[in-house]
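A look at the structure
Below are the chains, spelled out letter by letter.
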Amino acid sequence: PWPFLAGQIASLGPRGCSIALTVRNLDIAPRPAGLGLHGFFPLDRKTRIRARAKRMWRSDETHIPTVPVAVNAEGGWLADALLCDQPPVNNAFDGWDGVARIAQADHIVTLRVSGADCFQLYRPACADYFAFEPIDHIPDALNRAAMPMLSPGASATLTLHFECSYIRSGTSR
């Protein structure tokens, strides 16, 4: 509904990739703008996730995070527990330090993010995948008047670095 410029730059390296998302407000008035990336990962019996956040937002029946609770109020998703042993989840987390570690049977993905202190964790029941979605705002922030605002001509950037290390005989490289 207003003019903006959005961009995405992806680059590959020997051990991973980087993705930079940018949005610039081209309007003459301040406008809300949020950035995020919906990263999906395979889920197996050995998948573990570790991330530090200060608060979890429990989603309601419409999948909108509405109630803030203690981070691990409903499970050990962020404490390096086996993800497949946790209940289904579709919650947002804030106060994130920008680092996540996803361990699979044969590799580890380390994610380092700048420009976001929130993420959404989604794992439906009976699924062989989950989503770890770095975002710069809690979902539905626009309806809570908590959406980041960009001044005229201002830009916001979210940068993600994914690094992969492979596990061999109990060691990683």
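These notes cover the structure that comes with them. Every value quoted in this text rests on a predicted model; they were computed, and no experiment measured them.

Thresholds applied
- Residues numbered from 1 in each chain as written.
- Predicted model: local features only at pLDDT ≥ 70, side-chain atom pairs only at ≥ 80, totals over all residues.
- Heavy atoms only, no water.
- Phe/Tyr/Trp six-rings, centres within 6.5 Å; stacked < 30°, edge-to-face > 60°.
- Helix = DSSP H or I, 4+ residues; strand = E, 2+ residues; numbered from the N terminus.
- Buried < 20%, exposed > 50% of the residue type's maximum accessible area, 1.4 Å probe, protein only.
- Pairing = 2+ DSSP bridges.
- Axes fitted to C-alpha atoms, helices over the stretch in contact; angles between N-to-C directions.
- Core = buried A, V, L, I, M, F, W, Y, C linked by side-chain atoms within 4.5 Å.

Some remarks on the packing of aromatic side chains
One pass over the structure, following the stated rule, counts six aromatic pairs. Consider the rings of Phe41 and Phe130, whose centres lie 5.5 Å apart with planes at 25 degrees: the pair is stacked. Here Phe41 is found in strand E4 (residues 39-42), whereas its partner Phe130 is found in strand E13 (residues 129-135), with 89 residues between them in sequence. Classification of Phe41 by relative accessible area gives buried; the value is 12%. On the numbers, 4.4 Å between centres and 25 degrees between planes, the contact of Phe119 with Phe132 is stacked. On the criterion of sequence distance, the pair formed by Phe119 in strand E12 (residues 118-123) and Phe132 in strand E13 is long-range, its members being 13 residues apart. What makes Phe132 buried here is its relative accessible area of 1%. Feature note: the residues Phe93, Trp96, Phe119 and Phe132 constitute an aromatic cluster, connected by ring pairs.

Describing the sheet that holds E12
With respect to topology, six strands assemble into an open sheet ordered E4-E13-E12-E9-E6-E7, the strand pairing being antiparallel. In the strand order of this sheet, the two ends are held by E4 and strand E7 (65-69), each with one partner. Direction aside, neighbouring strands of the sheet carry axes that sit 25 degrees apart on average. Relative to E12, strand E9 (residues 89-94) is paired through six bridges, and the arrangement is antiparallel. Residue pairing in the sheet places Asn90 in a bridge with Tyr122 of E12.

Quick word on the pairing of E7
Alignment of strand E6 (residues 55-59) against E7, held across four bridges, turns out to be antiparallel. Following the sheet pairing, Trp57 is matched in E7 by Pro68. Counting the residues in the hairpin turn of E6 and E7 gives five residues, including His63, whose phi is positive at 70 degrees.

Here's the deal with the nonpolar core
Phe119, Leu121, Phe130 and Phe132 are the most contacted members of the largest nonpolar core, which has 35 residues in total. At the level of elements, strand E2 (16-25), strand E5 (48-51), E9, strand E10 (99-103), strand E11 (107-114), E12, E13 and strand E15 (155-168) are the ones that each hand at least two residues to this core. The greatest single-element share of this core, amounting to five residues, is contributed by E15. Membership of the second largest hydrophobic core comes to five residues, among which are Trp57, Ala92, Cys118 and Ile135.

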